[in-house]
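Now for the letters of each chain:
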Amino acid sequence: QVQLVESGGGLVQAGGSLRLSCAASGRTFSSYAMGWFRQVPGKEREFVAAISRSAYSTDYADSVKGRFTISRDNAKAMLYLQMNSLKPEDTAVYYCGTNSRAWYSGRYYSQNDYDYWGQGTQVTVSS
């Protein structure tokens, strides 16, 4: 089993920055590709960013490309999302998830591609 805990969310004005963290425990962290998703009430959980096991590859939703950076520290079993130039439409609960099959499936865009999720952390961007 894997346990994930997100942190770092909060209230920030448009144009500001936040760094989200996801702490993993229970299994070897480097065994999983990882992803960040976000969700607002009444809507589907939306892909934000993904990173491969070794951090060699990353990908981003078009809506955040150039503003957000996903990274990981396998020695510390930590995943990060640096969010810059935040916009009100970035407001959501942000979740990190594990993806055990990405290395052979190449799939990471859907929430159904992920095995475990954290509880989420709220990000609110004011205008």
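Enquirer: Give a detailed account of the state of the cysteines, specifying residues and quantitative values.
Expert: Applying the stated criterion to the full structure yields one disulfide. Paired through a disulfide, Cys22 and Cys96 show a sulfur-sulfur distance of 2.0 Å. With the S-S dihedral at roughly 60 degrees, the linkage between Cys22 and Cys96 falls on the right-handed side. Placement of Cys22 in strand E3 (residues 18–25) and of Cys96 in strand E9 (residues 92–99) is noted, with a sequence separation of 74 residues between them. In terms of burial, Cys22 and Cys96 fall into one category: buried.

Enquirer: Mind laying out the packing of aromatic side chains, listing which residues take part and the relevant values?
Expert: Tallied over the full model, the rule gives seven aromatic pairs. Measuring from centroid to centroid gives 5.7 Å for Phe37 and Phe47, while their planes differ by 75 degrees, and the two rings are edge-to-face. Here Phe47 lies in strand E5 (residues 46–51) and Phe37 lies in strand E4 (residues 33–39), a separation of ten residues in the sequence. By relative accessible area, Phe37 is classed as buried at 0%. Phe47 gets classed as buried once you look at its relative accessible area, which sits at 3%. Measuring from ring centre to ring centre gives 4.9 Å for Phe47 and Tyr109, while their planes differ by 45 degrees; the resulting arrangement is tilted. In this pair, Phe47 sits in strand E5 while Tyr109 sits in the loop between helix H1 (102–105) and strand E10 (121–126), placing the two residues 62 residues apart along the sequence. An aromatic cluster of at least three residues, connected via ring pairs, comprises Phe37, Phe47, Tyr108, Tyr109, Tyr114 and Trp117. Sitting above the plane of the Tyr95 ring, Arg45 keeps its charged end 3.7 Å from the centroid.

Enquirer: Go over the side chain of Glu6 with me, naming the residues and quoting the values.
Expert: Along the chain, Glu6 falls in strand E1 (residues 3–7). Arg45 provides the closest opposite charge to the buried, salt-bridge-free Glu6, at an N-O distance of 6.8 Å. Of note is the side chain of Glu6, whose polar atom sits 2.8 Å from the backbone nitrogen of Cys96. At 2.9 Å, the side chain of Glu6 and the backbone nitrogen of Gln119 are in polar contact.

The rules behind these values
Residues numbered from 1 in each chain as written. Predicted model: local features only at pLDDT ≥ 70, side-chain atom pairs only at ≥ 80, totals over all residues. Heavy atoms only, no water. Disulfide = S-S within 2.5 Å. Helix = DSSP H or I, 4+ residues; strand = E, 2+ residues; numbered from the N terminus. Buried < 20%, exposed > 50% of the residue type's maximum accessible area, 1.4 Å probe, protein only. Phe/Tyr/Trp six-rings, centres within 6.5 Å; stacked < 30°, edge-to-face > 60°. Lys NZ or Arg CZ within 6 Å of the ring centre and 35° of its normal. Lys, Arg positive; Asp, Glu negative; His and termini not counted. Salt bridge = Lys/Arg side-chain N within 4 Å of Asp/Glu carboxyl O. Polar contact = N/O pair within 3.5 Å; in protein donor to acceptor, adjacent residues only side chain to side chain.

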